[in-house]
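# Tertiary structure, described
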Amino acid sequence: QQGDTVDAVKITAREVFAKPPARYTEGSLVKKLEELGIGRPSTYASIMSAIQARGYVKKGESEGEPRKITEIALFDENARASFEGGTERGSASSSAARPWRRAEPTRPEKDGPCIFIRTVTEKTGATKGKLLPTPVGELVADFLTDHFNQVVDYGFTAEIETDLDKIAEQKLERVKMLRDFYDPFSKLIKDSDGITRYNNATALGQDPKTGKPIYAKIGKNGGFIQLGDNEKESGEKPRFAPLPKGKTVKTVTYEEALKQLALPALPRTLGKAKDGTEIIAAAGPFGPYLKCGKYNVPIKGYDPYTIDLKTAEPLYQKKVDSIIADWGDISIIIGAYGPYVKGPGRFNNVKIPKDQDPKKITREEAEKMLAEKPKGRRTSRATARGSSRHPSHKTARKKSSAKKTTKKK
């Protein structure tokens, strides 16, 4: 109660780090849109699908990285055993905490509180389930904010949503609303004709060997380092290198860029496999891979700039072993989910039934399976866009058709 004397059982000082604002999840982003008056329940699903299908954001997968922090405490030596587990409020779990040790080991033992210190481990930077902006997303956002600020303004967008509701309720003339929107918008479009190519490039400095400028830029596949300008007159092309892992065009330094430019150029030849096939490490729009004759082997998790022949050869051999039959444009492959027939082009696959032996399938049978596979299979991008259509859209179209039919009757 007020006025009572409180004895300090334990006083702890814990090292803390400043944390940036939490990233949005799909749920928290929808909640924010609702607060701003942007979108409607029937459009939230399409918004979430569109920003991911277009590559503006991606869902994080990291569980976080361990980080060591220091705790200093003042408590009585006799109470040390009760605090040793590290389960007290505000502390790390016992599995991540080291035992307390006296901060003054040379101090003679005496009764009363003493200073103790220990190191604990906590996870930081977890991104699983969070929507992380991609370099392309940041580029688009910066461009729209710089040149179309009034269009991407939250208040403007919410007002448009309100006007659309009024039109649906027949309280506002749609032509007037469209004219009020389009006239200033068309002026912005015309004014944007003079905008130079917008790549948000960051000049980092000059190469000490050649004197050429070094830039950090954003392309359609993400960020990269560029050495030299686009010299059309001399015909000399600039050299490119990837950004260091975990870096962006805004955080990469000049020294880090020089290290990246010192990496060997891609594609790079690693050597020959035991069967004589030349193995080449390369990077493409879908990530790093090995070019092994007529086969391309993805090497997710490996660095194409540092991978060696000893590491690459087993990956190539695993690919060879997974191919049961190869007729050029058609092949039978053992994949992660079982054997399947792969036809020409991307996403032209059909799974082989469990009761059928993939080793006994002929080319004619494989062609027939591809021809008879269920139609309507789309690419992942198209599927994402298609899934963005909310069920209410179909319902609305049905209702509209019903109204037209009623009027005709």
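Quantities reported herein were computed from a predicted structural model and do not represent experimental measurements.

Reading across from one edge, 1-3-5-4 is the order of the four strands in this open sheet, with antiparallel pairing throughout. Looking at strand neighbours, the two that pair on one side only are strand 1 (10-14) and strand 4 (101-102), the edges of this open sheet. Summarising the sheet, strand 1 and strand 3 (residues 65-76) pair through five bridges and their orientation is antiparallel. The residue of strand 3 that forms the bridge with Ala13 is Ile72.

With that settled, the discussion passes to helix 1 (residues 26-36). Of the positions making up helix 1, those classed as buried are Leu29, Val30 and Leu33. In a view along the axis of helix 1, the buried residues occupy a sector of 100 degrees, so they form one face of it. Exposed positions of helix 1 whose direction lies more than 90 degrees from the buried face are Lys31 and Glu35. Packed against the buried residues of helix 1 are helix 2 (44-53) and strand 6 (131-133).

A separate point is unusual backbone geometry. Here the residue pair Leu266 and Pro267 is connected by a cis peptide bond, since its omega of -5 degrees sits within 30 degrees of zero. Note that Pro267 resides in the loop between helix 7 (254-261) and strand 11 (268-272). A positive phi angle, close to 60 degrees, is found at Gln170, a residue other than glycine. Along the polypeptide, Gln170 turns up in the loop between helix 5 (154-168) and helix 6 (174-191).

Time to look at the layout of surface pockets. A volume near 1700 Å³ is recorded for the second largest pocket. Those elements that place two or more of their residues in the lining of the second largest pocket are helix 1, helix 2, strand 6, helix 4 (135-147) and helix 5. Broken down by element, the lining of the second largest pocket gets its largest block of residues, seven residues, from helix 4. Counted by class, the lining of the second largest pocket contains 25 nonpolar, seven polar and eight charged residues.

Further remarks concern the pairing of strand 12 (residues 278-284). Across four bridges, the pairing between strand 11 and strand 12 is antiparallel. Within the sheet, the bridge partner assigned to Thr269 lies in strand 12 and is Ile280. Following strand 11, the chain reverses through five residues before pairing antiparallel with strand 12; Gly276 in that reversal takes a positive phi of roughly 90 degrees. Relative to strand 13 (residues 287-292), strand 12 runs antiparallel, the two sharing six bridges. The partner of Ala282 across the bridge, within strand 13, is Tyr289. Where strand 12 hands over to strand 13, the hairpin turn is made up of two residues, counted between the paired strands.

This paragraph deals with the environment of Leu132. Locating Leu132 in the fold gives a position in strand 6. Through-space distance from the C-alpha of Leu132 to that of Arg23 is 7.1 Å; in sequence the pair is 109 residues apart. Every residue in contact with Leu132, bar those within four places of it in the chain, is listed here: Arg23, Tyr56, Val57, Lys58, Gly60 and Thr127.

Let us look at the side chain of Glu161. If you trace the backbone, Glu161 turns up in helix 5. Notably, Glu161 is buried but unbridged: the nearest opposite-charge side chain belongs to Arg40, and the N-O separation is 4.1 Å. Side-chain polar atoms of Glu161 contact the backbone nitrogen of Gly39, separated by 2.9 Å. If near-sequence neighbours (up to four positions away) are discounted, Glu161 is found in contact with Gly37, Ile38, Gly39 and Arg40.

What counts, and where the lines are drawn
Residues numbered from 1 in each chain as written. Predicted model: local features only at pLDDT ≥ 70, side-chain atom pairs only at ≥ 80, totals over all residues. Heavy atoms only, no water. Pairing = 2+ DSSP bridges. Helix = DSSP H or I, 4+ residues; strand = E, 2+ residues; numbered from the N terminus. Buried < 20%, exposed > 50% of the residue type's maximum accessible area, 1.4 Å probe, protein only. Arc of directions from axis to C-beta. Contact = heavy atoms within 4.5 Å. 1 Å grid on protein atoms, 1.4 Å probe; cavity = no way out; pocket = protein on both sides within 12 Å on 5 of 7 lines; lining within 4 Å. Points joined across faces, edges and corners; volume = space filled by probe spheres on them. Nonpolar A, V, L, I, M, F, W, Y, C, P; charged D, E, K, R; others polar. Lys, Arg positive; Asp, Glu negative; His and termini not counted. Salt bridge = Lys/Arg side-chain N within 4 Å of Asp/Glu carboxyl O. Polar contact = N/O pair within 3.5 Å; in protein donor to acceptor, adjacent residues only side chain to side chain.

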